Every structure is written in C-alpha cells, then in structure tokens.
Amino acid sequence: MILLGVNTVLFQNQALETALQTIAWAGYDGIELSAIKGMCEHLDLARWRDQVQPIRDAAARYGLRLLSTEVASLDEARLTQAFEACQALGISRVNVGPGGQADVEESFVRQTDLLARMADKAAAYGVILCCKAHVRAAIYNTPTTQRAMARIASPAFGIDMDPSHIYRAGERPEEALPQVLSRVRHIHIRDCKGRGPSPGEPRDQACGRGDMDLFGYCKALVDGGYDGPVCLEVIGAGACSETQRAVIAAESYGYLNACLKRLKAR
C-alpha cells in the first residue's frame with residue numbers, strides 16, 4: 001500500500017507535537033522524522049535514546065505511523081546513531097543525499113563507495129539506506145542514479161526518488177521513474193516551480209501548485225506496483241506561520257490522495 005506522510009522538516013523551529021497534530025489533522029498516514037543537523041532535528045541523534053518512548057507515544061496519540069527518517073548527511077557516526085535509533089523506533093528507511101560533485105568521476109566513485117559501505121552497515125540494523133538524486137551532487141539525474149544502482153548491490157540500499165530533483169535535472173519525472181523503480185524504496189515528493197536550482201517558495205512546493213506532472217508521476221508509481229512511503233518534503237518553511245505550514249500539508253494531502261484514489265491506489 002502507498003502510505004502518505006510528511007517530513008517534519010516542514011515544521012522546523014516548531015515542536016514535534018505541533019507537527020504531529022497538524023499532520024494528523026490533514027489526513028496523513030504517518031511521518032518522516034527530520035534529523036537534519038543545522039536545519040531541523042525533531043529526532044536528535046545525540047540523545048535519541050531519551051526520545052524513543054516520547055516519539056512512540058506521540059505518534060500513537062495521533063494515529064501516525066513512523067515511516068522514515070531523513071539524516072541527509074553521510075557522516076558515518078551520525079548514520080550509525082540513526083540506524084540504532086530507527087531500529088529502536090521500528091523505522092525501516094533512513095534517507096540521505098549523495099554528496100559529492102556533479103560530473104566529476106572521482107567524486108562519483110568516492111560517494112558510491114561510501115554509500116555501499118553505509119548500506120552494509122544499515123543491513124546489520126535491519127534498515128534500508130535510501131539515497132536520492134540531488135541537484136549538483138555526484139548523483140543528480142537518472143543516468144547517475146542507474147550507475148549507482150549498478151555499483152551498489154546491497155539489498156539494504158534503495159533509491160529515494162524525489163521528482164523535483166529529477167525535474168530540475170531537465171527530465172520528466174513520470175518518464176524517469178520506471179527506469180529506476182526496481183530499486184525505489186522511498187519517495188520524497190513536492191511540486192516545483194521552474195527548473196531550479198531551487199524548487200521555489202514553500203507555498204509553491206505544495207503538490208499541485210508547481211509545473212510538474214505529479215498525476216503522471218503518481219500513475220507511474222501505481223502502474224509500477226510501488227508499495228511504500230510517499231513523504232511530502234517541503235524545505236525553507238522556517239519563516240512560515242503555523243497556519244501557512246498547515247495549508248501546505250493539507251493542500252498536498254488533498255492533491256495526492258485524490259490522485260491516488262483516482263488511480264484506485266487508496
């Protein structure tokens with residue numbers, strides 16, 4: 001089943017309780033806990049043991065599943081803490097970016113070697129390390145994603161397919177998705193105004209407001225038999241009011257839920 005969630009980075013600078021309450025009111029199935037150092041650490045990896053029970057209790061209180069966490073960094077110490085925390089919380093997917101530099105072969109090899117090593121470590125904790133193509137990074141489009149898939153054989157490595165980054169690489173995400181879907185284990189989703197490098201203002205990242213064919217992308221997900229989390233990830237919302245963030249979350253849920261219902265996937 002496709003499960004709809006929200007990355008709590010949308011609620012940076014706000015309490016996790018506020019985020020969960022708003023996400024539940026909007027209708028989502030679950031959450032992706034943000035553990036992004038320097039941006040939003042609703043999951044504080046330095047003290048994760050103290051947070052396990054409060055997070056579980058809060059998620060249960062609002063009827064939300066713990067779908068994934070985003071660490072972003074490939075720092076081994078932080079990832080090890082994330083794997084430990086996710087094992088304790090029952091979270092199966094840890095999301096990162098690839099790092100490195102686009103179109104530099106040495107950087108691509110170094111970063112994919114690191115991802116392979118971290119995926120092997122993830123396997124020991126029973127979690128999947130998911131990496132997405134990212135603007136200007138070593139993995140940034142479909143061809144570099146496919147190269148990474150070929151180099152990293154571990155079943156504990158998956159693709160986090162974020163259509164906004166693929167769109168900003170000049171591609172059509174709904175056409176790119178089937179090329180990598182066999183290894184996709186997580187979806188970050190938002191809309192996008194223009195080809196970047198930024199995805200646009202937070203309100204324009206709400207699903208249905210941008211320029212991408214997100215219905216076509218959802219159809220490719222359903223047609224390909226994807227079964228996993230689809231988590232809204234809106235960045236740059238630190239200056240938004242609580243009401244503005246709630247609007248972004250609710251509007252995106254309504255759009256995605258309607259798309260998936262039309263496709264008989266919810």
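The preceding data block contains the structure.
Note that the coordinates shown come from a computational prediction; the quantities given were computed from them, not determined experimentally.

### Side note on the pairing of strand S2 (residues 30-36)
For S2, the tally of buried residues reaches seven of seven residues, placing the bulk of the element in the interior. The two faces of S2 match: Gly30, Glu32, Ser34 and Ile36 on one face and Ile31, Leu33 and Ala35 on the other face are all buried. Two strands pair when backbone bridges link them, and strand S1 (residues 3-7) and S2 are joined in this way by three bridges, in the parallel orientation. Looking at S2, one finds that Val6 is bridged to Ile31. The β-α-β motif built from S1, the intervening helix H1 (residues 16-26) and the parallel element S2 has right-handed crossover chirality. Bridge count for S2 against strand S4 (residues 65-72) is five bridges, and the pairing is parallel. Paired with Glu32 across the strands is Ser68, a residue of S4.

### Comments concerning helix H5 (residues 142-151)
Each α-helix winds once per 3.6 residues, and so residues spaced three or four apart point in a common direction. For H5, the full list of buried residues reads Thr142, Thr144, Thr145, Ala148 and Met149. Relative to the axis of H5, the buried residues are bounded by an arc of 165° and lie together on one face.

### Considering the pattern of salt bridges
Tallied over the entire structure, the rule returns 17 salt bridges. Glu17 serves as the salt-bridge partner of Arg61, at 2.8 Å between the closest nitrogen and oxygen. Of this pair, Arg61 sits in helix H2 (residues 48-61) while Glu17 sits in helix H1, placing them 44 residues apart in sequence. Close ionic contact of Arg147 with Glu105 constitutes a salt bridge, the shortest N to O distance being 2.9 Å. Linking Arg147 in helix H5 with Glu105 in helix H4 (residues 105-124), this pair joins segments that are 42 residues apart in sequence. With a relative accessible area of 35%, Arg147 lands in the partly exposed category. Classification of Glu105 as partly exposed rests on a relative accessible area of 41%.

Conventions we followed
What you see as residue numbers is a count from 1 along each chain, following the sequence as written. Where totals are concerned, whole chains, interfaces and linings use all residues; where local detail is concerned, this predicted model gives features only for residues with pLDDT of at least 70, and gives and counts side-chain atom pairs only at 80 or more. No hydrogens and no water enter the side-chain calculation; it runs on all heavy atoms of the structure. The buried label goes to any residue with under 20% of its type's maximum accessible area, the exposed label to any with over 50%, and the partly exposed label to all in between, with areas taken from a 1.4 Å probe on protein chains only. What counts as a helix is a DSSP run of H or I of at least four residues, what counts as a strand is a run of E of at least two, and both are numbered from the N terminus. We call two strands paired when DSSP finds no fewer than two bridges between them. Looking down the strands as they point away from you, a crossover is right-handed if its path from the first strand over the helix to the second goes clockwise. Throughout, the arc means that of the directions going from the helix axis to the C-beta atoms. The salt bridge criterion pairs a side-chain nitrogen of Lys or Arg with a carboxyl oxygen of Asp or Glu, the two atoms within 4 Å.

In short, the description is geometric, and any link to function would need to be established separately.
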